[in-house]
Every structure is written in C-alpha cells, then in structure tokens.
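Residue-level listing of the chains:
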Amino acid sequence: MFAAERRQLILEMVRANGAVSLRELARVVQTSEVTVRRDVRALEAEGLLDRRHGGAVLPGGFTRESGFPQKSHLATAEKTAIADVAASLVEEGEAIVVGAGTTTQELARRLARVPGLTVVTNSLLVAQALAHANRVEVVMTGGTLRGSNYALVGSGAEQSLQGLRVSRAFLSGSGLTAERGLSTSNMLSASVDRALVQAAAEVVVLADHTKLGTDTMFQTVPTDVITRLVTDEPPAHDERAASELQALADQGVQIAVAGTGQGGAPAGEQLPPGVRRRDVPLPVQRGGRMPTGQYRGPAPGMGADPMERTARVADLRRR
C-alpha cells in the first residue's frame, strides 16, 4: 500500500471512530507502528487529525466519544491486564460501585468470582457480566438508557445513588490528565459518574496508556479525588505518558502498572522491525516501592522536595 493510500485509510478510520490507537491502525493498514506514527505525524501537519499518546483523534483538542463497537476493539490486551490488577483490589463481602465502559466490563467478568460482593452499577454490560454470578448481588440504578455505551444516565440514575455509601468506585473515562483528572465526552455520562464518586470512600480509575494526557469536555473526577490509577506500561517511545504518570503521582495518586509485555506491547507480540525496547521511567514512591506492580507518589501533605519530585525509576520490574 502506498503512503497516500495508507494515510487516506487512517484518516477515514479516525473520522469514523473519533479515536484510534496506533496498534489498531497498524493492524488495519498492515504495516509497523513506526510507519503509522510517521503517517499520523504527516496528517497532523496538514491539520487533518491530532496525535495523542498511542493514537490519533479528530482535530480540535477534545475527542468525541467513540461508540461501544469501536471501543471494544481498542487496547484489548491492556484492558485485560488492567482488569486483572483492579480485581485484586476487591475483597470478599465488599460493596462497590462500577461505572460504564469497556474496561469496567472486563473488571466485572473477574468480579464474578468474589463471594459476598455487592456491585452497584449503571452499566448494562457490567450487570450482564455478573448476571450468573450466584454469590454476587447486583444493584442497578434507574435512569434512561444511553445506547452508545449501554449505560443508564439522567436524573433517575443520579437520584437512585443518593444516600448510598460503598467502599470503592471503579471508573473509566475518555481521558486522564494530572491537571483536570478524569474526563469524558458526554455530559450525561459525566454527571452520573460524579454521582458514583460521591457514593464511594475511595475512587479507582481504570485507564490504559492511550488515555493519559488526553483531555475531553466534561470533568468527572478531579485529580485530588482519585485514590488510585490502574494503567498499563506505556510504550518505550511514549515519554509524555510516563511524564503524565509522574505528575499524577506527585499529586498523591497511587499508581498500579499492569504488565502486558515489554515495551508496552502485549505479551507475545513482537515489536516492529528496527525498534528497540527502552525502559520508560515510571513514578517512584517517596520512601520506596510499593508491593508487586504498584507505584505511589508522595502522600498528601508531605513536603515537595524538588529532587524527590523529579526522581524516576529506570529499571522496571519484568513481568
């Protein structure tokens, strides 16, 4: 395929889906991510799309929301790894809330094995994943069905959450930055997510590396409200994603990194020819590393020593 043909196809995919990962673009046009990245850079120079960490989006600074069919095929290995780590945080007999999203759907599939669990959700996909779990009680919110992501939204959903109190909320979104926190492209979804957050003592955000540094229209969870972020290891070339993780850690967000393979590639996937893996620095915990696979920034209220705030870990734990 000639470069002009590749770039036209890339442009059509981004226009159809709103946001597409580099890995998915490379698969469709049958070339390496290095070549796709070069094509995306050329299209951005023409003002036809915007580059984001690990992907491309519609131009204009704020991505529009992709539908469920498109989201379900993006970063699937990363979402699976993130869901595995997130499920390990849930204990027997807990009461939690789980928001809508393809990553939270993966989490729900794993929660089916946790006995005595109560899950409150506005997502039909989450409820469906838990429908046959005999030892898990599922509580659905009210509201109006939003077909693009199979979620219940509106005043009915928000009112049904009033007076609720649970241990943790697990949420996903369209973008995550240290400056604004978690955000989404739809106003109704954002409003319900904020109600879910109000019901929880702790907030756990599930976001793969392609969402790091992406900012969308409606803020759902400010950074200072996020207790923990579960994400995947950024690709070796993505220094900006690593910087965003450090900025989040500096603000006190606990960061758990799920391993999918080396260099950000899923286990068993080969890196493109000519690309060498390089360790990407990830946030360090003030005072030492956390248990397996987890990293933490400074505890809220602690002093902000400049040397410590810029510390990096170059040698990542191999999984």
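Residues numbered from 1 in each chain as written. Predicted model: local features only at pLDDT ≥ 70, side-chain atom pairs only at ≥ 80, totals over all residues. Heavy atoms only, no water.

Q: What is the right way to read the environment of Asp84 from this model?
A: With respect to the helices and strands, the residue Asp84 is situated in helix H5 (residues 76–87). Since its relative accessible area comes to 43%, Asp84 is described here as partly exposed. Between the alpha carbons of Asp84 and Ala258 there is a distance of 8.0 Å; along the sequence they are 174 residues apart. (Helix = DSSP H or I, 4+ residues; strand = E, 2+ residues; numbered from the N terminus. Buried < 20%, exposed > 50% of the residue type's maximum accessible area, 1.4 Å probe, protein only.)

Q: Teacher, can you tell me more about the nonpolar core here?
A: Soluble globular proteins tend to bury their nonpolar side chains together. Among the nonpolar cores identified, the biggest contains 30 residues, and Leu176, Val205, Leu212, Val221, Leu229, Leu248 and Ile255 are the most heavily contacted of them. Looking at this core, the elements with two or more residues in it are strand S9 (166–171), helix H9 (187–198), strand S12 (200–206), helix H10 (239–250) and strand S15 (254–258). Contact partners of Val205, with chain neighbours within four places excluded, come to Leu171, Leu176, Leu182, Ile226, Arg228, Leu229 and Val230. Judged by nonpolar contacts, the second largest core, of 25 residues, contains Val90, Ile96, Leu117 and Phe170. (Core = buried A, V, L, I, M, F, W, Y, C linked by side-chain atoms within 4.5 Å. Contact = heavy atoms within 4.5 Å.)

Q: Any chance you could explain the sheet that holds strand S2 (residues 50–52) here in plain terms?
A: Sheets are built from strands that pair by backbone hydrogen bonding, the pairs being arranged parallel or antiparallel. One open sheet accounts for three strands, arranged S1-S3-S2; its pairing is antiparallel. Of all strands in the sheet, those bounded by a partner on one side alone are strand S1 (19–21) and S2. Between one strand and the next, the sheet's axes are offset by a mean angle of 25°, whatever the strand orientation. Note: S2 against strand S3 (residues 55–57), three bridges, orientation antiparallel. Paired with Arg51 across the two strands is Ala56, which belongs to S3. The sheet contacts of helix H2 (residues 22–29) involve S1 and S3, and relative to S1 the element is tilted by about 75°. (Pairing = 2+ DSSP bridges. Axes fitted to C-alpha atoms, helices over the stretch in contact; angles between N-to-C directions.)

Q: What is the right way to look at a nonpolar patch on the surface in this model?
A: On the surface, Leu124, Met140, Leu145 and Tyr150 cluster together into a nonpolar patch covering about 330 Å² of accessible area. By secondary structure assignment, the location of Leu124 is in helix H7 (residues 124–130). Among the residues examined, Leu124 registers a relative accessible area of 33% and is labelled partly exposed. (Patch = residues over 30% accessible without salt bridge, like charges linked within 9 Å, V, L, I, M, F, W, Y side chains within 5 Å. Areas by Shrake-Rupley, 256 points an atom, 1.4 Å probe, with all protein chains shown as cover. Salt bridge = Lys/Arg side-chain N within 4 Å of Asp/Glu carboxyl O.)

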